[in-house]
Amino acid sequence: SLSIGIVGLPNVGKSTLFNALTKTGNALAANYPFATIEPNVGIVGVPDERLPKLAEIFGSARILPAKVEFVDIAGLVKGASEGQGRGNQFLANIRDTDAICQVIRVFNDPDVTHVDGDISPKRDIETINTELIMADLQTVEKAIPRLEKESRHNKDKKPALEAAQAALAVLETGKTIFESGLGGPDLRELHLLTAKPFLYVFNVDSDELVDDALKAQMSALVAPAEAVFLDAKLESELAELDEEEAMELLESVGQHESGLSKLARVGFETLGLQTYLTAGPKESRAWTIPKGATAPEAAGVIHTDFQRGFIKAEVVSFDDLVEVGSIAAARAAGKARVEGKDYVMQDGDVVEFRFNV
Ligand code: GDP
């Protein structure tokens, strides 16, 4: 499954955030019989208010939300791209993830020292991006002479060479590939770190959660990447509380949702994923598919046999289903569609697959 790497300078609250993630995630993982959780992996459910409504309609015994996997990637220090600290391991670990989540310190606390002396989100973002850009420069500078040589004998290699040259031009200006909008399969082959989608967590003091001016300022630093504002310390306290107590604590700081929930939603979106829904007496469940997946591909997420033996899908959109109140009523009202193998899944489709085994 796809994962998001959490990176950041030392002392910005990564472990605090990560511990909160694993606490919530372990509770969730109990619902997934085959989920094995490694120490540096945290799983969060993607909050989806449609699931409890489905569970009510179908009398489902349990709810299984979609999930996002976060990987704690330690070792980002200045000079990581030159192998400082455990720099090489850091780069290898981050290469394996599908998106990069940078944790940036905004909170003030004289007892927690900052590696560079004072609190400066803008400088910290630049420090991290510089390391990632330097690592990519090394990759591209190694690839170009090889691709030049190869494209002399094989003109099919020309597009790959051009992609690498375009990437070099971007990186040399100190920009990430993500910011530049460059893409395509030839570029993807280079596995550049800064070509992955980025998202930012600003670790703020709880009173800053309602500081709209500050949040606008931080968001502007990282656009077009998404920004999530949370207080990691508060999140770790929330993870210890039951739902009602957690809600009370959140409301006392002007919030209606935990930072981890926001992070899960934004992370899911950043990975380019979407869900479709299934429901029955056993469970109401959100299944994860890439945007643009077809009905047989969606069926394959449940079981590979479902994809192979796919016949058709009966689809009702969630809104229609809620309006009429049951699948039978949806059928009677002509709102249940039968879709074939070319159907592209839409967010909020409630689906039942028919297949040969
Ligand atoms: P890491 O090095 O990035 O993993 O940072 P840690 O999670 O270990 O946090 C470093 C220190 O900052 C610890 O003493 C945390 O308790 C503290 N800390 C983390 N997040 C917050 C926060 O949101 N507010 C405050 N005041 N302290 C925090």
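If you're wondering where the values come from, they're calculated on a predicted model, not measured in any experiment. (Residues numbered from 1 in each chain as written. Predicted model: local features only at pLDDT ≥ 70, side-chain atom pairs only at ≥ 80, totals over all residues. Heavy atoms only, no water.)

## Observations regarding the packing of aromatic side chains
Item 1. The full count for this structure, using the stated rule, is seven aromatic pairs.
Item 2. Taken together, a centroid distance of 6.4 Å and an interplanar angle of 20° make the contact between Tyr 200 and Phe 202 stacked.
Item 3. The rings of Phe 178, Phe 198, Tyr 200, Phe 202 and Phe 229 are connected pair by pair, giving a single aromatic cluster.
Item 4. The ring of Phe 107 carries Arg 105 above its face, with NZ or CZ at 4.3 Å from the centroid. (Phe/Tyr/Trp six-rings, centres within 6.5 Å; stacked < 30°, edge-to-face > 60°. Lys NZ or Arg CZ within 6 Å of the ring centre and 35° of its normal.)

## Thoughts on unusual backbone geometry
Item 1. In this structure, the amide linkage connecting Ala 223 to the following residue, Pro 224, adopts the cis form with an omega of 10°.
Item 2. Inspection of the secondary structure puts Pro 224 in the loop between helix H8 (212-222) and strand S7 (226-230).
Item 3. Here the phi dihedral of Asn 11 falls at roughly 70°; this positive angle occurs in a residue that is not glycine.
Item 4. Relative to the helices and strands, Asn 11 resides in the loop between strand S1 (3-7) and helix H1 (14-29).
Item 5. Asn 11 gets classed as partly exposed once you look at its relative accessible area, which sits at 42%.
Item 6. The phi angle at His 191 is positive, at roughly 55°, despite the residue not being glycine.
Item 7. Looking at where His 191 falls in the secondary structure, it is placed in the loop between helix H7 (185-188) and strand S6 (198-203). (Helix = DSSP H or I, 4+ residues; strand = E, 2+ residues; numbered from the N terminus. Buried < 20%, exposed > 50% of the residue type's maximum accessible area, 1.4 Å probe, protein only.)

## Considerations on the confidence of the model for the protein chain
Item 1. Counting all residues, the mean pLDDT for the protein chain is 91, and 95% of those residues have values of 70 or more.
Item 2. Of the two predicted TM-score estimates for the complex, the pTM is 0.89 and the ipTM is 0.97. (pLDDT = per-residue confidence, 0-100.)

## A short note on the side chain of Glu 131
Item 1. The topology assignment puts Glu 131 in helix H4 (residues 121-153).
Item 2. Residue classification places Glu 131 among the buried residues on the basis of a relative accessible area of 8%.
Item 3. Those residues in contact with Glu 131, other than ones at most four positions away along the chain, are Val 77, Lys 78, Gly 79, Ala 80 and Ser 81. (Contact = heavy atoms within 4.5 Å.)

## Regarding a negative patch on the surface
Item 1. The grouping of Asp 242, Glu 243, Glu 244, Glu 245, Glu 248 and Glu 251 at the surface amounts to a negative patch.
Item 2. As for its position among the elements, Glu 251 is in helix H10 (residues 243-252).
Item 3. Overall, the relative accessible area of 48% leaves Glu 251 in the partly exposed class. (Patch = residues over 30% accessible without salt bridge, like charges linked within 9 Å, V, L, I, M, F, W, Y side chains within 5 Å. Areas by Shrake-Rupley, 256 points an atom, 1.4 Å probe, with all protein chains shown as cover. Salt bridge = Lys/Arg side-chain N within 4 Å of Asp/Glu carboxyl O. Lys, Arg positive; Asp, Glu negative; His and termini not counted. Charge placed at Lys NZ, Arg CZ, Asp CG, Glu CD.)

## Overview of the pattern of salt bridges
Item 1. Going through the model one piece at a time under the given rule, you end up with 18 salt bridges.
Item 2. The closest approach of N and O atoms between Asp 118 and Arg 123, which form a salt bridge, is 2.6 Å.
Item 3. Given the relative accessible area of 43%, Asp 118 is considered partly exposed.
Item 4. Judged by its relative accessible area of 23%, Arg 123 is partly exposed.
Item 5. Linked through salt bridges whose partners overlap, the residues forming this network are Asp 48, Arg 50 and Asp 347.

## Some thoughts on the site of the ligand
Item 1. Looking at the ligand, there are 15 residues lining it, with Asn 11, Lys 14, Ser 15, Thr 16 and Asn 203 nearest.
Item 2. Between Gly 13 and the ligand, the recorded distance is 3.0 Å, taken from a backbone N or O atom to an oxygen atom.
Item 3. In this structure, Asn 203 approaches the ligand through a side-chain N or O atom, which is 2.8 Å from an oxygen atom.
Item 4. For the ligand, the accessible surface in isolation is 580 Å², of which the surrounding protein chains cover 77%.
Item 5. Broken down by secondary-structure element, the contributors of at least two residues to the shell around the ligand are H1 and helix H9 (232-238).
Item 6. Considering every element that reaches the shell around the ligand, the biggest residue donor is H1, with three residues.
Item 7. A breakdown of the residues in the shell around the ligand according to their chemical character gives six nonpolar, five polar and four charged. (Near = heavy atom within 4 Å. Polar contact = N/O pair within 3.5 Å; in protein donor to acceptor, adjacent residues only side chain to side chain. Nonpolar A, V, L, I, M, F, W, Y, C, P; charged D, E, K, R; others polar.)

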